[in-house]
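These are the residues of each chain, in order.
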Amino acid sequence: MEIGTVWIIVAVLVILLEIMAIWHIIGSDRRAERKMLWVVFVVYAPFPGLLFWAWRGPRAVKGRSVLEEK
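Below you will find a few notes about this structure. If you're wondering where the values come from, they're calculated on a predicted model, not measured in any experiment.

**Topic: the side chain of Glu18**
Piece 1. Mapped onto the secondary structure, Glu18 falls in helix α1 (residues 3-27).
Piece 2. Of the buried charged residues, Glu18 lacks a salt bridge, with Lys35 as the closest side chain of opposite charge at 19 Å.
Piece 3. Ignoring sequence-local partners within four residues, the contact set of Glu18 consists of Val42, Val43, Pro46 and Leu50.

**Notes on the pattern of salt bridges**
Piece 1. Evaluation of the coordinates by the stated rule reveals one salt bridge.
Piece 2. Note that Glu33 and Arg31 form a salt bridge whose closest N and O atoms lie 3.2 Å from each other.
Piece 3. Take Arg31: its relative accessible area is 58%, and that puts it in the exposed class.

Cut-off values and rules
- Residues numbered from 1 in each chain as written.
- Predicted model: local features only at pLDDT ≥ 70, side-chain atom pairs only at ≥ 80, totals over all residues.
- Heavy atoms only, no water.
- Helix = DSSP H or I, 4+ residues; strand = E, 2+ residues; numbered from the N terminus.
- Buried < 20%, exposed > 50% of the residue type's maximum accessible area, 1.4 Å probe, protein only.
- Lys, Arg positive; Asp, Glu negative; His and termini not counted.
- Salt bridge = Lys/Arg side-chain N within 4 Å of Asp/Glu carboxyl O.
- Contact = heavy atoms within 4.5 Å.

Set out below in structure tokens:
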């Protein structure tokens, strides 16, 4: 496998993860300003943005679904 192919696969995976993160960010019940900051951070700093979002971001979505079940 060529090095170029590996980089293309990595780029596609990062883009798919970014789309998933943006989808979750937009679907959260946060204020619009916070959503926009998360989207900008994830798009302009893909690796640190996705790692930080995975660590801090999705909790709002999980918390919302727990509240809706009660």
